[in-house]
Amino acid sequence: MVSNLYRAANFLTSAALYSQIPSDTGYEIAFVGRSNAGKSSAINALCGQTNLCRTSKIPGRTQLLNFFQLDAERRLVDLPGYGYAKAPGAEQQRWQRSIAEYLNQRNCLRGLILLMDIRTPLTEYDWNLITWCSERNLSVHVLTRP
Ligand SMILES: Nc1nc2c(ncn2[C@@H]2O[C@H](COP(=O)(O)OP(=O)(O)OP(=O)(O)O)[C@@H](O)[C@H]2O)c(=O)[nH]1
Ligand SMILES: [Mg+2]
């Protein structure tokens, strides 16, 4: 059962660079994980919508920081993945830099949903994120896809 809050989620904006993202107010939860782990699909499922986030079977689909508004204060953020992606190296470096800046600087970030495929163990990068969350007192929820 999808609550009305999530059903009403709508696209706010996308940003290639950290400097382009919306103002740092309210509350955000960001979806993180390896490329192709199912981050964008999880937001769609959570919101009971099929085309809110763009998904693909090719790793590296999400290349921007995508913001979705739940209400005036609360947002979900679909981030690009890490690890193998079918995209040029320079592009991947650009989005990895944007993710790092987002995670390190975003005051309104309240927690992470970390996506993983049940067949692939958590990587070193995943564990680093979990440790990073605990050091900052941020909630992290690991979501596995079947
Ligand atoms: N079997 C299965 N497939 C899933 C599930 N969630 C997503 N997928 C598939 O996995 C592929 C990747 O899904 P995305 O949601 O685009 O993954 P992502 O983590 O956003 O990927 P990037 O944006 O490339 O980092 C798509 O083909 C989805 O249909 C799931 O729960 N089960
Ligand atoms: Mg995606």
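Below: a short report on this structure.

## Overview of the sheet that holds strand β3 (residues 65-69)
Think of a sheet as strands paired side by side through backbone hydrogen bonds, with each pair either parallel or antiparallel. Spatial ordering of the open sheet is given by β1-β3-β4-β2-β5-β6, a layout of 6 strands whose pairing is mixed. Across the chains shown, the open sheet's two edge strands, defined by having one partner strand only, are β1 (10-15) and β6 (139-145). Each strand of the sheet is rotated relative to its neighbour by a mean of 25°, with strand direction disregarded. The pairing of strand β2 (residues 27-33) with strand β5 (residues 109-117) spans 6 bridges and is classified as parallel. Note that in β5 the partner of Gly 33 across the bridge is Leu 115. Contacting β2, β4 (74-78), β5 and β6, helix α2 (residues 39-47) runs over the sheet at an angle of about 145° to β4.

## Points about the site of ligand 1
Neighbouring ligand 1 are 19 residues, the closest being Lys 39, Ser 41, Gly 60, Arg 61 and Thr 62. Residue Arg 61 places a main-chain N or O atom 2.8 Å away from an oxygen atom belonging to ligand 1. Here Thr 62 contributes a side-chain N or O atom positioned 2.8 Å from an oxygen atom of ligand 1. Contact with the protein chains removes 75% of the 650 Å² of surface that ligand 1 exposes when unbound. Per element, the largest residue contribution to the shell around ligand 1 is 3 residues, and it comes from α2.

## Quick notes on the coordination of the magnesium ion (ligand 2)
Coordination of the magnesium ion (ligand 2) by the protein involves Ser 40 (OG) and Thr 62 (OG1), with metal-donor separations of 2.0 to 2.2 Å. Linking Ser 40 in helix α2 with Thr 62 in the loop between α2 and β3, this pair joins segments that are 22 residues apart in sequence. Given a relative accessible area of 7%, Ser 40 falls into the buried group. Overall, the relative accessible area of 10% leaves Thr 62 in the buried class.

## Details of the nonpolar core
Counting 26 residues, the largest nonpolar core has Leu 79, Tyr 102, Leu 103, Leu 109 and Leu 112 as the members making the most contacts within it. Looking at this core, the elements that each hand over two or more residues are β2, β3, α3 (89-105), β5 and α4 (124-135). When sequence neighbours within four positions are dropped, the list of residues in contact with Tyr 102 reads Tyr 18, Ile 21, Glu 28, Ala 30, Leu 65, Phe 67, Val 77, Leu 79 and Leu 109. Listed in part, the 13 residues of the second largest apolar core include Ile 43, Leu 52, Ile 113 and Leu 115.

## With respect to the packing of aromatic side chains
Applying the stated rule across the entire model yields 3 aromatic pairs. Ring geometry for Phe 11 against Phe 68: centres 5.8 Å apart, planes inclined by 65°, an arrangement best described as edge-to-face. Pair noted here: Phe 11 is in strand β1 and Phe 68 is in strand β3, with a separation of 57 residues, a long-range link. The exposure class assigned to Phe 11 is partly exposed, which follows from its relative accessible area of 44%. Taking relative accessible area as the criterion, Phe 68 reaches 2% and is therefore assigned buried.

Conventions adopted
Residues numbered from 1 in each chain as written. Chains lettered and ligands numbered in written order. Predicted model: local features only at pLDDT ≥ 70, side-chain atom pairs only at ≥ 80, totals over all residues. Heavy atoms only, no water. Pairing = 2+ DSSP bridges. Helix = DSSP H or I, 4+ residues; strand = E, 2+ residues; numbered from the N terminus. Axes fitted to C-alpha atoms, helices over the stretch in contact; angles between N-to-C directions. Contact = heavy atoms within 4.5 Å. Near = heavy atom within 4 Å. Polar contact = N/O pair within 3.5 Å; in protein donor to acceptor, adjacent residues only side chain to side chain. Areas by Shrake-Rupley, 256 points an atom, 1.4 Å probe, with all protein chains shown as cover. Donors = N, O, S within 2.8 Å, 3.2 Å for Na, K, Ca; no water. Buried < 20%, exposed > 50% of the residue type's maximum accessible area, 1.4 Å probe, protein only. Core = buried A, V, L, I, M, F, W, Y, C linked by side-chain atoms within 4.5 Å. Phe/Tyr/Trp six-rings, centres within 6.5 Å; stacked < 30°, edge-to-face > 60°.

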